[in-house]
Amino acid sequence: AARAARPSAAAPDEQQQQRRRRVAPLTDPPPAEAGEEALLRGIFEISKRSYDVVLSSRRLRWSPILPESPTGDSSMVSQHQEESIEMKDVFSVKVKRRRFAGQKKGGTLLGITVFKCLKKEGNKLTDCAVHLNNLSEDHCQLWFRHLKEILNGFQNRPKSLKVFVNPSSHKREATHVYDDQVAPLFKLADIKTDVTVTEYEGHALSVLKDCDLQAFDGVVCVGGDGSVSEVAHGLLLKAQIDAGKDTVYIPKPVRAPVPLGIIPAGTTNILAHTLYGIKHAVTAALHIIMGHIQPVDVCTFSTPSKLLRFGFSAMFGFGARALALAEKHRWMPSSQRKDFAFIKTLADLKPEECELSFLPLQIPQDDSQENGRITLLYLGSKDQWHKIQGHFLNVSIMAIPCLCSMAPRGLAPNTRLNNGSMALILVQNASRTEFIKHLKRYASVKNQFNFPFVETYTIQEVKVQPQPQSGLDATETMGLNTASAEESYPWNIDGDLMKEASEVHVRVHPQLINLYGVSIDDLESSQATCNCI
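All figures in this text were calculated on a predicted structure; none of them were measured in a lab. (Residues numbered from 1 in each chain as written. Predicted model: local features only at pLDDT ≥ 70, side-chain atom pairs only at ≥ 80, totals over all residues. Heavy atoms only, no water.)

Chemist: An account of the environment of N156 is requested, with residue identities and associated values reported.
Modeler: Looking at where N156 falls in the secondary structure, it is placed in the loop between α4 (137-152) and β8 (160-165). Taking the C-alpha atoms as reference, N156 lies 7.4 Å from H292; in sequence the two are 136 residues apart. Not counting residues within four places of it along the chain, the set of residues in contact with N156 comprises G291, I293 and Y516. (Helix = DSSP H or I, 4+ residues; strand = E, 2+ residues; numbered from the N terminus. Contact = heavy atoms within 4.5 Å.)

Chemist: Go over the pairing of strand β6 (residues 108-119), please, and point to the residues and values.
Modeler: Sheet topology note: the strand β5 (residues 90-98)/β6 ladder contains eight bridges and is antiparallel. Bridge pairing links V93 to V114 in β6. Where β6 and strand β7 (residues 125-133) come together, nine bridges link them in antiparallel fashion. Across the sheet, the residue bridging to K119 is L125, located in β7. In textbook terms, the turn of a hairpin is the stretch between consecutive antiparallel strands, and for β6 and β7 this stretch comprises five residues, one of which, G122, has a positive phi near 70°. (Pairing = 2+ DSSP bridges.)

Chemist: Describe the packing of helix α5 (residues 174-188) against helix α9 (residues 281-290), naming the residues involved and giving the relevant values.
Modeler: Across the interface, α5 lies against α9 with an axial gap of 10 Å and an inter-helix angle of 30°. Judged by the inter-axis angle, α5 sits roughly parallel to α9. The interaxial crossing formed by α5 with α9 has right-handed handedness. Along its contact with α5, which presents V177, Q181, V182, L185 and F186, the element α9 presents A281, V282, A285, L286, I288 and I289. For the contact of α5 with α9, the class distribution of residues is 10 nonpolar, one polar and no charged. (Axes fitted to C-alpha atoms, helices over the stretch in contact; angles between N-to-C directions. Parallel < 35°, antiparallel > 145°, perpendicular 65-115°, else oblique. Left-handed = near helix turned anticlockwise from the far one by under 90°. Nonpolar A, V, L, I, M, F, W, Y, C, P; charged D, E, K, R; others polar.)

Printed below as a string of C-alpha cells:
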C-alpha cells in the first residue's frame, strides 16, 4: 500500500504536471432564485480562463473553475465571485468562427458570442460582447439554439422594420448616422429592414399611405423633429385609412398599428430627447432593438372644416415665428441658423392678439366611499369652456414634456408621455427683459412659470383664434388677401412649420401611438447646454 501511494519513479515530471493541471471538480451550480431552473450547464473559456457556465431562462451566469488547493483552503474560491448577465439585456447571440479574408461561410469554430445592451451614465446605452469559447461544434450549437429560443420569446422586439432616412437633416448626416451606427446594430440583432431615403418633403407621407404595415413590426425615422413629425402623421393617417375612417374630420381616431422609433439626426431632436434623455443614435437604436415601448398621447390639429395633422406639441407666437425665420435662412449652417432666428425674433419681439377657448382636464380619482368606483374630478365645471382673450408673446400646447438641451426638465415639465392631458402655457405681453428671464429659467431648476405674466393650465381641448392686427387701418385691411393673412400666423408643430389663418382646434387623444423609448421618470437628469441667451 505504501509503494502504491508513492509517485512512480519512472515518470516524476509527468506526475507533477498532472497535479498542476488538476482542477476542482464541477460542484452544484450556485443556488438559483425561486422558479429559475437551469436549462444548460457547461464549460467555456472566457478571457483565457475556464468557467463553469449555467444558463436559465432569466440569466446567464459563470464562475471560474479554480485549481484544487492542496490544503483545502477555500479562501481562494471566495475571492472569485460569480458573474452574470440578465437575459432581458441580451439582444443577439452568434456562433463565432475564424475565417480567411473573403471567406463568407464555414471557418474554424471558436465558440459563441453573446451581445448585451449596457446602460452607462447620462442615459446612454452601448453594446458589449461576452465571448464563450469552446471548440465543440455540438456543444456550441446546443447552447446557440437555447439562447436563440430565449431571445425569441421576448415581446415587442422587432424582427422587421420600415426605415425612413431624411438625407437633408442637419448637416446632411442622417445617411451616415444610419449606415455607420444604426444599420450594423440592426443587422447584428437579425432585424430585416426596408429603407426609403426621402427625396422631397412629404415623400415619407406618400409612401406610408400605400405601405402594407402588416409586413413590419415597426417604423423608424432617421432625422430631426420635422421628419419625425411627418412620419408620425403619416403613420396615424394610414391607420385611419385602413380603419375606413373619414380623414377630413376625425373626432375619435384609431391607434397606430405599429410602434414608431426615432433615430436623432436633425437640428432639433426634442422628441428623441424626451424618449431617450439624450441625442445619441446608438442609444436610440438599442431602445428599438430591445423593444422598449411607451404608449404616448397624440394631438389632432384641425380647422373647423378639416384635419390639419397629428402631432405631439405646438407653439404659436414666439416659438413659431423663430422657426419660420429659420426656415427662410436654410442656406445658413444649422446651428447658426437656429441661434440667428432665435436672437432676431427676440429682437423683434411682439405679441400676438388671439382668443383662446379651452376645456379643463377631467381627472379620474378613486372614491373610497363608493367601494372603489372611479369618479371624475373636473378642473372647472363639467364640459364648460373657459375663454381668454388678449395679447400673448407665446402660446405652447404640449401633450409630452418636450425635453431638450435648453430645457433639460422639459418645456412642459408637469406633463408626461401618456397622462391623457395637454399643458397649455400662456406667456402674456411683457417686456423683453422679463421674457428673457422666463426663457432662462428653462435651463435651471427654478420654476420657469413663476412669473406674473405666465399662466399654465392642464387641458384636454383648446381652440386658438388669431385676431386681425388692430394697428392696420381699413385700407390696409381691405388690401390683405388670404395668402398674406396665412403668412401672418405660423405654427410650430413638432419642429415642422405650418401656416394657418383660421381657428385651430387641438384635442388630445390618450395613448394613440407607441414610441420606442422609456418613461421620463426613468431618465437621469441632465444639465442644459444651450448658451444662446
